[in-house]
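Chains, contacts and geometry: an overview
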Amino acid sequence: MAEFVEVLRHLSAAQKPAKGVSLYTRFVNRPAGRVLAALAYQAGATPNQLTVLGALFTFPALAAVALLPPTPPMAAGVGAALAMGFFLDSADGQLARGQRSGSPSGEWLDHVLDCVKILALHLVVLVSFYRFFALPSPLWLLAPMVFQLAAVVIFFAGILTEKLKRRAPGEVPPDAPPAFRAVLLLPVDYGLTCLAFLFLGSQDVFLAVYSTLLLAHVLFMAAFLVKWFRELR
């Protein structure tokens, strides 16, 4: 037990800064991922193994959304599996920093799987809407497409901006206060989107939650693109 606590402390010291992350990532996902990373550290696992394990939680859950009629038990299982996949997505990076075993190939694998998860998540919602939902209008089938577009653009543009800033550092406009920013970013946290699937068994509730997150992603996409472009000028 003492060794496990020491490993947790070591991983915590190697944690990324809290700047630029939401309340969920900071206070739920990263701490849970740290526990999993500590267990993996003691077991001698590698970051890539955690990345693949996270995918093994995520993709079967997404397949279930497309293949099975939504019920409350199924929704609970999907939501829990997606959340665990996201915990492991945090754990692999923390383990890599703790072991000092990060590599370009590991980062590549992590980002590629993240991109596939974002694409697949909204694709299976579209399939579920078409197969199992009594939608108020066929126009609702556009919602997952727009959500997917916004989520992928935010993901890609964010990574590209970070890479370009490293190549051409310059004066960066002042950001929002950390506490306010952490709250502001909550609606576009992937973890919150995962938790939305807990409501999949109730059509009206899921449509309300999903459409709210969709609107947040579209608004944030527009705001982020303007912000990032100005920072790189």
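Residues numbered from 1 in each chain as written. Predicted model: local features only at pLDDT ≥ 70, side-chain atom pairs only at ≥ 80, totals over all residues. Heavy atoms only, no water.

1. Focus: the nonpolar core
Quick note on the threshold: Put simply, a nonpolar core is a bunch of buried Ala, Val, Leu, Ile, Met, Phe, Trp, Tyr and Cys residues held in one set by side-chain atoms that sit within 4.5 Å of each other. The buried label goes to any residue with under 20% of its type's maximum accessible area, the exposed label to any with over 50%, and the partly exposed label to all in between, with areas taken from a 1.4 Å probe on protein chains only. Helix numbering and strand numbering both begin at the N terminus, where a helix is a DSSP run of H or I of at least 4 residues and a strand a DSSP run of E of at least 2.
Formed by 44 residues in total, the largest nonpolar core has its most connected members in Val78, Leu82, Phe129, Phe197, Leu200, Phe206 and Tyr210. Looking at this core, the elements with two or more residues in it are helix 1 (2-13), helix 2 (23-43), helix 3 (47-67), helix 4 (72-99), helix 5 (104-132), helix 6 (142-167), helix 8 (190-196) and helix 9 (203-232). Sorting elements by how many residues they give to this core places helix 4 first, with 11 residues. Counting residues in hydrophobic clusters, the runner-up holds 10 residues, among them Ile154, Ala216, Phe220 and Phe224.

2. Some remarks on the packing of aromatic side chains
What counts, and what does not: What counts as a ring pair is set by centres within 6.5 Å for rings of Phe, Tyr and Trp (its six-membered ring), and what kind of pair is set by the plane angle: stacked under 30 degrees, edge-to-face over 60, tilted for all other angles.
Going through the model one piece at a time under the given rule, you end up with 10 aromatic pairs. Note on Phe133 and Phe206: the rings are 6.2 Å apart at their centroids and 55° apart in plane angle, and the pair reads as tilted. Taken as a pair, Phe133 in the loop between helix 5 and helix 6 and Phe206 in helix 9 lie far apart in primary sequence, 73 residues in all. For Phe206, a relative accessible area of 0% corresponds to the buried category. The interplanar angle of 25° and the centroid separation of 5.5 Å between the aromatic rings of Phe206 and Tyr210 together place this pair among those described as stacked. In this pair, Phe206 and Tyr210 are both assigned in helix 9, 4 residues apart and thus about one turn of the helix distant. There is no split in this pair, since Phe206 and Tyr210 are both buried.

3. Brief notes about the environment of Ala45
Which entries qualify depends on this criterion: In this description, contact between two residues means that some pair of their heavy atoms is separated by no more than 4.5 Å.
Along the polypeptide, Ala45 turns up in the loop between helix 2 and helix 3. The class for Ala45 is buried, based on a relative accessible area of 15%. C-alpha of Ala45 to C-alpha of Leu95: the two residues are 50 residues apart in sequence and 8.9 Å apart in space. Ignoring sequence-local partners within four residues, the contact set of Ala45 consists of Ala40, Leu95 and Gln99.

4. Some details on helix 4
Since the α-helix turns once every 3.6 residues, residues separated by three or four places project in the same direction. For clarity, the threshold we go by: The span you would expect from a helix comes to 1.5 Å times its residue count less one.
Between its first and last C-alpha atoms helix 4 spans 40 Å; for 28 residues at 1.5 Å apiece the expected length is 40 Å, and the two agree. Just beyond helix 4, the residue with positive phi is Arg100, at close to 55°.

5. Topic: empty space enclosed by the protein
The line we're drawing: Cavity: a set of points on a 1 Å grid over the protein atoms alone where a 1.4 Å probe fits but cannot get out. Pocket: an open set with protein on both sides within 12 Å along at least five of seven lines, its lining residues, like those of a cavity, having an atom within 4 Å of a point. Grid points are joined across faces, edges and corners, and a volume is the space filled by probe spheres set on the points.
Applying the stated criterion across every chain, the model contains 1 cavity of 30 Å³ or more. Volume-wise, the largest cavity comes out at about 40 Å³. If you trace the largest cavity, you find it lined by Leu50, Thr51, Gly54, Ala55, Gly85, Leu88, Asp89, Asp110, Leu113, Asp114 and Lys117. When residues of the lining of the largest cavity are traced back to their parent elements, those giving at least two are helix 3, helix 4 and helix 5.

6. A closer look at the packing of helix 4 against helix 5
The criterion, for reference: Helix axes are fitted only over the stretch in contact, all axes being lines through C-alpha atoms; the angle between N-to-C directions runs from 0 to 180 degrees. In what follows, roughly perpendicular refers to angles from 65 to 115 degrees, roughly parallel to angles under 35, roughly antiparallel to angles over 145, and oblique to any angle outside these ranges. Left-handed is the label given to a crossing in which the near helix is rotated counterclockwise from the far helix by less than a right angle, and right-handed is the label when the rotation is clockwise. Put simply, Ala, Val, Leu, Ile, Met, Phe, Trp, Tyr, Cys and Pro go in the nonpolar bin, Asp, Glu, Lys and Arg in the charged bin, and everything else, Gly too, in the polar bin.
Closest axis-to-axis distance for the helix 4/helix 5 pair is 12 Å, and the angle between their directions is 160°. Relative to helix 5, the element helix 4 lies roughly antiparallel. The chirality of how helix 4 crosses helix 5 is left-handed. Side by side, helix 4 and helix 5 meet where Gly85, Asp89 and Asp92 of the first sit next to Asp110, Asp114 and Lys117 of the second. Counted by class, the contact of helix 4 with helix 5 contains no nonpolar, 1 polar and 5 charged residues.

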